[in-house]
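Residues per chain are reported as follows:
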Amino acid sequence: MSSTISSFLYLISGICFIIALRGLSHPSTSRAGNYCGVVGMLISIFTTLTLDVVQNYAMITIGLLIGGVIGAIIARKIQMTALPQLVAAFHSLVGLSACFVAIAAFYQPEAYGIGKLGLMKPGALLEVALGLAIGGITFTGSIVAFGKLQGTITSNPLVFSGQHAINALMCGIVITLVILLCFSQSPVAFWLIFFVALTLGFCLVLPIGGADMPIVVSMLNSYSGWAAAGIGFTLSNHLMIITGALVGSSGAILCYIMCKGMNRSFFSVIIGGFGNKSKDFQKSEPASNQISVREGDAGEAALILKKASSIVIVPGYGMAVAQAQHALREMANLLKDRGVVVRYAIHPVAGRMPGHMNVLLAEANVPYEEVLELEEVNSQFEQTDVAFVIGANDVTNPAAKNDPSSPIYGMPILDVENAKSVLFTKRSMAFGYAGVENDLFFRKNTLMLFGDAKKMCEKIIQSLN
Amino acid sequence: MSNISFADKLNNLAEEASNLALKAANLSAQANTATIDYYSQAKSMPILHDSGFNPTVVGLTIFALACFVGYYVVWRVTPALHSPLMAITNAISSVIIVGALIAASPNSMNFSSIIGFFAVILASVNIAGGFLVTERMLTMFNKNLK
């Protein structure tokens, strides 16, 4: 196929990807968008296969089949609650394949028309090295994120002294090596870039705690895009540049939204150790003016819910852990049958990835219109009889508005305190991720329901019947 | 006599004509190579590169514009669909498979083509997995639309 036709087809597939993202502006257009993305991907693969350089179809077909089958099986089997770790795992694959393509390009530049082994243009070397470095960081960073989300690595921030200095040093080493590589063409420098980038990715994510994961996952999403764009520059492939830029900016925007949802700067998240920083705060004895909390059981909760005419449910990561979304939906259905108006309030950073709660509620067949974002719902709490908080804590803490000394001060919260009464479903009185006391627990109109979120919902359902 | 000389003249004329034809063929061949030379020289003329046809500059132009497109398109994505957004961007960033396919393409097995083969596998796991998971999520959202 002539290069004019193939470039044109690559352009079409780039446009398909843009339309795919555009489709996500509303659920009704989203599936058509997804199909458009699939078509774009198929066009790009078939166009590549018709290029003159491609000869070994047997090996390529085997590779495509193995990968496709594995991917399809994973996508079918995965539970929706395990979605964040799945996305993290997928990011690591993009990172690793970016590294592999960079390595292949370095050892066989003839195939891509960018010079000969040991005689590559400095510009091409720079692009290869950038793709390799970003790919390496994405790969190990995503593996650590996966481990933390899966629970195989502790989700507590792991901070040790001198960590930032070491990370900064490694960044410096990578940059130096990239410059060195451009002038020397040395394979040693090339491999050193790879290994230092791998270590750097590992060290960057390790100090970041569990609840900051939405930011980390978005950041890695963004990196996987930049890595693809870097490789696109190497191969002078405009489709890869377009797609890399789209994915990179998408991840960056999500990152920004998540940081805003926590009122934290991106830099402070990367430096890590939110939980640790507030240790002193945590250790100071709980406020002296506190009264003991009012603890209730499912029966009392059912009574309060029955009397209400409108309730707002505030789900958090605890709901995901307990897989309580189906029981919750059943409970909401019973209440709706009694004429209670039920809505759901989603904080931008609830859960472990952007939009995590929305997916779980959608899985449990909660109508799309009942699920509201923070800005839409906050003014409505005053007219709400009961706020039912299930597995969330910090995102409801009024200290974010009232207490300038609190580590979460300035974070946008859901104003559940304005509701006439508040029900908290929690496993214990333990602190949330930020490690701060929530005043709301000690208020008169708050009822604490201790226990597993799912079991609590089931008990409330029994009492309602 | 005159008949013979006439025939000779004819013969001479024919020879001259064929010589001329040969010369013409040679000249046209020369012209041909000259044109080809001219075009190939024109193609590699550095002046074209300096006037914005440098592939890196073209790439950067496309990159910058695509970043803006991405920015405006992604801000319009409804927050409820941020998880599918991550899954689909993850799937499309596997467009890196284009590079992997080229790496895996030579008939002879060597280090690069084996690395490329693994890159093809990884990227296709991502493509299949990413699009199917997105589809699963979007189906759930659509089911709950009124």
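Computed from a predicted structure; not experimentally measured. (Residues numbered from 1 in each chain as written. Chains lettered and ligands numbered in written order. Predicted model: local features only at pLDDT ≥ 70, side-chain atom pairs only at ≥ 80, totals over all residues. Heavy atoms only, no water.)

*Asks:* Help me understand the pattern of salt bridges, please; the structure alone is not making it clear to me.
*Replies:* Where charged atoms from two side chains of opposite charge approach closely, those side chains can pair. Residue and element names in this part refer to chain A. Counting across every chain of the model gives seven salt bridges over all chains. Its salt-bridge partner being arginine 264, residue aspartate 212 comes within 2.6 Å of it at the nearest N-O pair. With a gap of 52 residues between them, aspartate 212 in the loop between helix 8 (187-205) and helix 9 (213-234) and arginine 264 in the loop between helix 10 (238-262) and helix 11 (266-271) connect regions that are remote in the sequence. Like aspartate 212, the residue arginine 264 is buried in the burial classification. The salt bridge partner of aspartate 385 is lysine 420, with a shortest N-O separation of 3.4 Å. Taken as a pair, aspartate 385 in the loop between helix 18 (374-377) and strand 6 (386-390) and lysine 420 in the loop between helix 19 (399-402) and strand 7 (421-426) lie far apart in primary sequence, 35 residues in all. Connected through salt bridges with shared partners, the residues Lys401, Asp415, Glu417 and Arg443 form a single ionic network. (Salt bridge = Lys/Arg side-chain N within 4 Å of Asp/Glu carboxyl O. Helix = DSSP H or I, 4+ residues; strand = E, 2+ residues; numbered from the N terminus. Buried < 20%, exposed > 50% of the residue type's maximum accessible area, 1.4 Å probe, protein only.)

*Asks:* What is the right way to read the environment of Asn237(A) from this model?
*Replies:* The topology assignment puts Asn237(A) in the loop between helix 9 and helix 10. For Asn237(A) and Val128(A), which are 109 residues apart along the polypeptide, the C-alpha to C-alpha distance reads 13 Å. Not counting the four nearest positions on each side in its chain, Asn237(A) is found in contact with Tyr10(A), Gly232(A) and Val98(B). (Contact = heavy atoms within 4.5 Å.)

*Asks:* Is there a simple way to think about the side chain of His347(A) in this case?
*Replies:* All names here are of chain A. Residue placement: histidine 347 occurs in the loop between strand 4 (341-346) and helix 17 (356-363). A polar contact is formed between the side chain of histidine 347 and the backbone oxygen of proline 412, at a distance of 2.6 Å. Beyond its immediate sequence surroundings of up to four residues, histidine 347 is in contact with Gly261, Leu374, Val395, Met411, Pro412, Ile413 and Leu414. (Polar contact = N/O pair within 3.5 Å; in protein donor to acceptor, adjacent residues only side chain to side chain.)

*Asks:* Where do I start with helix 3 (residues 55-75) of chain B in this structure?
*Replies:* One turn of the α-helix equals 3.6 residues, which is why residues spaced by three or four share an orientation. In this model helix 3 of chain B runs 30 Å from its N-terminal to its C-terminal C-alpha over 21 residues, within 8% of the 30 Å that 1.5 Å per residue would give. Buried residues in helix 3 of chain B make contact with helix 1 (3-23), helix 9 and helix 10 of chain A together with helix 4 (82-92) of chain B. (Expected span 1.5 Å × (residues − 1).)

*Asks:* Explain the sheet that holds strand 7 of chain A here, please?
*Replies:* Two modes of strand pairing occur in sheets, parallel and antiparallel, and in both the strands are linked by backbone hydrogen bonds. Residue and element names in this part refer to chain A. Overall, parallel pairing links the six strands, which are arranged 5-4-3-6-7-8 in an open sheet. Edge positions in the open sheet fall to strand 5 (371-373) and strand 8 (446-450), since each of these has one partner strand only. Ignoring which end each strand starts from, the neighbouring axes of this sheet average 25° apart. Lying on the sheet, helix 17 is in contact with strand 3 (310-315), strand 4 and strand 5; it crosses strand 4 at an angle near 145°. (Pairing = 2+ DSSP bridges. Axes fitted to C-alpha atoms, helices over the stretch in contact; angles between N-to-C directions.)

*Asks:* Just to check I follow, could you spell out empty space enclosed by the protein for this structure?
*Replies:* Rolled over the atoms, a probe with the dimensions of a water molecule shows which regions are left empty. Residues and elements named next belong to chain A. In the structure shown here, the tally under the stated rule is one cavity of 30 Å³ or more. Volume-wise, the largest cavity comes out at about 60 Å³. It is helix 17 that provides the largest number of residues to the lining of the largest cavity, a total of three residues. Residues belonging to the lining of the largest cavity are distributed by class as follows: seven nonpolar, two polar and no charged. (1 Å grid on protein atoms, 1.4 Å probe; cavity = no way out; pocket = protein on both sides within 12 Å on 5 of 7 lines; lining within 4 Å. Points joined across faces, edges and corners; volume = space filled by probe spheres on them. Nonpolar A, V, L, I, M, F, W, Y, C, P; charged D, E, K, R; others polar.)

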